Amino acid sequence: MQPLLKTSLNNLLHTRDQSGKSTFLNDVWTDTHHGSPNNKHRAFTSHTHHGLCTRTHQIAALALIIVTFFLTRLLDRSFSPCASQASVAQLPGSRTVLRVNGGGSLSWPERGYGSQLSLKIYVYEEDEIDGLKSLLYGRDGSIPTEVCVTGQWGTQVKIHRLLLKSRFRTRRKEEADLFLCLNDKEIDQMYVKVLSQMPYFRLSGGRNHIFVFPSGAGPHLFKSWATYLNRSIILTPEMTTNGALVQPLPLSKRKFLANFLGRAQRKLGRLQLIELAKQYPDKLESPELQFSGPDKLGRIEYFHHLRNAKFCFAPRGESSWTLRFYESFFVECVPVILSDQVELPFQNVIDYTQVSIKWPSTRIGPQLLEYLESIPDKVIEEMISRGREVRCWWVYASESEPCSAMRGIMWELQRKVRKFHQSTETFWLHNGSIINRNLEQFSNWKPPMPLP
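Throughout what follows, the structure given in this document is the object of discussion. Quick caveat: nothing in here was measured; it's all calculated off a predicted structure. (Residues numbered from 1 in each chain as written. Predicted model: local features only at pLDDT ≥ 70, side-chain atom pairs only at ≥ 80, totals over all residues. Heavy atoms only, no water.)

1. Quick word on the overall build of the protein chain
Selection criterion: Helical segments are the DSSP runs of H or I of at least four residues, strand segments are the runs of E of at least two, and each set is numbered from the N terminus. Burial status follows relative accessibility: with a 1.4 Å probe on protein chains alone, a residue under 20% of its type maximum counts as buried, one over 50% as exposed, and anything between as partly exposed. Contact criterion: two residues are considered in contact whenever any of their non-hydrogen atoms come within 4.5 Å of each other. Surface accessibility follows the Shrake-Rupley procedure with a 1.4 Å probe radius. Residue values consider only the protein chains on display as shielding.
When helices and strands are counted, the protein chain shows 16 helices and 16 strands. For the protein chain, the proportion of its 452 residues judged to be buried stands at 46%. Across the protein chain, contacts joining residues at least 24 apart in sequence account for 66% of those joining residues at least 6 apart. Summed over its atoms, the accessible surface of the protein chain is roughly 24800 Å², and 53% of this surface lies on carbon and sulfur atoms.

Encoded structure:
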């Protein structure tokens, strides 16, 4: 009943003329039907046997319009499933960024995604395929998953655990839209061995198989990924805290204009930032990080440094993305991206120009600091406020949470789903049966199988 009532009221309030323009009760006040031979304006009459409406009638009708308008707005807010959680804020430059209020939900664009989540994901069991357990626990089985669930690379274990409990998980391969492949730090040969035992991987050429390579390490460890996984879905997430480990500081109490907390890793951009900090120590903080010994920087101390600047530099490292970009939102420091090839998540619902800055990595120098100094604190506060609204999308909670990284991932995965799958090693007959080059039906495919 609620959707019907909402639709009826909207139809009452909004009409469209043939030019496509939206009007309010247009037919009540004027005749705007362009197809009519007489297109003159005429007064509203309720019945043909009454005279023209009086001033009292007009005032009453106007009051009715106003009351109906506000009643409809109230009903819209009451009936909308996301009204209490999310709102779309119009920002400068005619751009929009979806704000999340109190852990609310974003509305993914229906085009390309669908109107609701309806995924079915099969998660490979560790004993299902020879070699898969070795990828999870090491060759001798001595690596506990608890060791891997924390830190920068913990997302592969975290995502696996969340999907095991997900309402989108299916235990039937034949009905699955996508397949999650478990993986960890190992060598090429082990990956190839595992892939050759997956009939559904060969069936689709890997198009419906998901691999999680946290940070930039995955492609370096599985060097043949471009050969075997070039059609697959590869998630490259970064792990971050489930909330702020330290309280953000007011802008007026922050000591530095900007900071960079990270290792040089022989990367040009990082080396330039470290040298820039030596030239301008009162503006840019870049301490030498110690990961062992008595001077090792603890996690709390790390975030104490991070929160002490208005801007947090996020240069590329082993990959084009960096953990510092996400961490900066939790200490309410505006991230400055210094990675030209970076790909950011959920770009169909988040306008990153409203919550961050991207500067050419080839222009790292005093000009960058001068530019950041020119930005008024009021503007910085506005960017921080907008970042505060979207940072819940970096938290790895269940997809049942209205705002979480897993929910965003599910929407993006749904966009990848195909009704039909084929590869260079897949063929089919007139009756719809799938065969291989030896004309063997799919149900009879036996591992190891040649990879597409």
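Further notes follow.
2. A closer look at the state of the cysteines
Selection criterion: Only a pair of cysteine sulfur atoms within 2.5 Å counts as a disulfide in this structure description.
Summed over all chains, the structure comprises 2 disulfides. The disulfide partner of Cys312 is Cys333, and the gap between their sulfur atoms is 2.2 Å. Disulfide Cys312-Cys333: the torsion about the S-S bond is 125°, which places it as right-handed. Taken together, the residues span a long stretch of sequence, with Cys312 in strand E12 (residues 309-315) and Cys333 in the loop between helix H13 (323-330) and strand E13 (334-338) at a distance of 21 residues. Classification of Cys312 as buried rests on a relative accessible area of 1%. The exposure class of Cys333 is buried, given its relative accessible area of 2%. Disulfide partner of Cys392: Cys403, at an S-S distance of 1.8 Å.

3. So, the nonpolar core
So the rule is basically this: We call a set of buried residues a nonpolar core when its members are Ala, Val, Leu, Ile, Met, Phe, Trp, Tyr or Cys and they connect through side-chain atoms within 4.5 Å of each other.
Counting residues in hydrophobic clusters, the biggest one holds 43 residues, and the most contacted among them are Trp394 and Leu413. Listing elements by their share of this core, those giving two or more residues are strand E5 (121-123), helix H6 (155-164), strand E7 (178-181), strand E8 (209-212), strand E9 (233-235), H13 and helix H16 (405-416).

4. As for the pattern of salt bridges
Where charged atoms from two side chains of opposite charge approach closely, those side chains can pair. To keep things clear, this is the line we draw: For salt bridges, the criterion is a side-chain nitrogen of Lys or Arg within 4 Å of an Asp or Glu carboxyl oxygen.
Within this structure, the stated rule accounts for 14 salt bridges. The salt bridge partner of Glu174 is Arg172, with a shortest N-O separation of 3.0 Å. A relative accessible area of 53% means that Glu174 is categorised as exposed. With a shortest N-O distance of 3.2 Å, Glu373 and Lys283 are connected by a salt bridge. Here Lys283 lies in the loop between helix H11 (268-279) and strand E11 (284-285) and Glu373 lies in helix H14 (residues 366-373), a separation of 90 residues in the sequence. Owing to a relative accessible area of 22%, Lys283 belongs among the partly exposed residues under this scheme.

5. Observations concerning the packing of aromatic side chains
Here is the rule: For this analysis, a ring pair means two rings from Phe, Tyr or Trp (six-membered ring only for Trp) whose centres lie within 6.5 Å, classed as stacked if their planes differ by under 30 degrees, edge-to-face if by over 60, and tilted for the remaining angles. Should the NZ of a Lys or the CZ of an Arg lie within 6 Å of a ring centre and within 35 degrees of the ring normal, that charge is described as sitting over the ring.
This model, assessed by the stated rule, comprises 19 aromatic pairs. Residues Tyr122 and Tyr124 carry aromatic rings whose centres are separated by 5.5 Å and whose planes lie at 85° to one another, so their mutual orientation is edge-to-face. A relative accessible area of 8% means that Tyr122 is categorised as buried. Centroid distance Phe420 to Trp428: 5.1 Å. Interplanar angle 90°. Geometry classified as edge-to-face. The exposure class assigned to Phe420 is partly exposed, which follows from its relative accessible area of 47%. Members of the aromatic cluster, connected to one another through ring pairs, are Phe325, Tyr326, Phe329, Phe346, Tyr352, Trp393 and Trp394. A cation sits over an aromatic face here: Arg202 above Trp445, 4.8 Å from the ring centre.

6. Brief notes about the packing of helix H12 (residues 299-306) against H13
As a reminder of what qualifies: Angular values range over 0 to 180 degrees, each being the angle between N-to-C directions of two axes fitted as lines to C-alpha atoms, with helices fitted over their stretch in contact. Every angle not falling under 35 degrees, over 145, or within 65 to 115 is termed oblique; those three ranges are roughly parallel, roughly antiparallel and roughly perpendicular. When residues are grouped by polarity, Ala, Val, Leu, Ile, Met, Phe, Trp, Tyr, Cys and Pro land in nonpolar, Asp, Glu, Lys and Arg in charged, and all others, Gly among them, in polar.
With their axes 10 Å apart at the nearest point, H12 and H13 run at an angle of 75° to one another. It follows from the interaxial angle that H12 and H13 lie roughly perpendicular. Contacts from Arg299, Tyr302, Phe303 and Leu306 of H12 reach H13 at Arg324, Glu327 and Ser328. Looking at the contact of H12 with H13, its residues break down into 3 nonpolar, 1 polar and 3 charged.

7. What about the sheet that holds strand E14 (residues 357-358)?
Using the following cut-off: Only when DSSP finds a minimum of two bridges between them are two strands counted as paired.
The strand order E11-E10-E12-E13-E14 describes an open sheet built from 5 strands, whose pairing is parallel. Strands with a single pairing partner mark the edges of an open sheet, and in this sheet they are E11 and E14. As judged from the 5 bridges shared by E12 and E13, these two strands associate in the parallel manner. The residue of E13 that forms the bridge with Ala314 is Ile337. Where H13 meets the sheet, its contacts fall on E12 and E13, and the angle it forms with E13 comes to roughly 170°.

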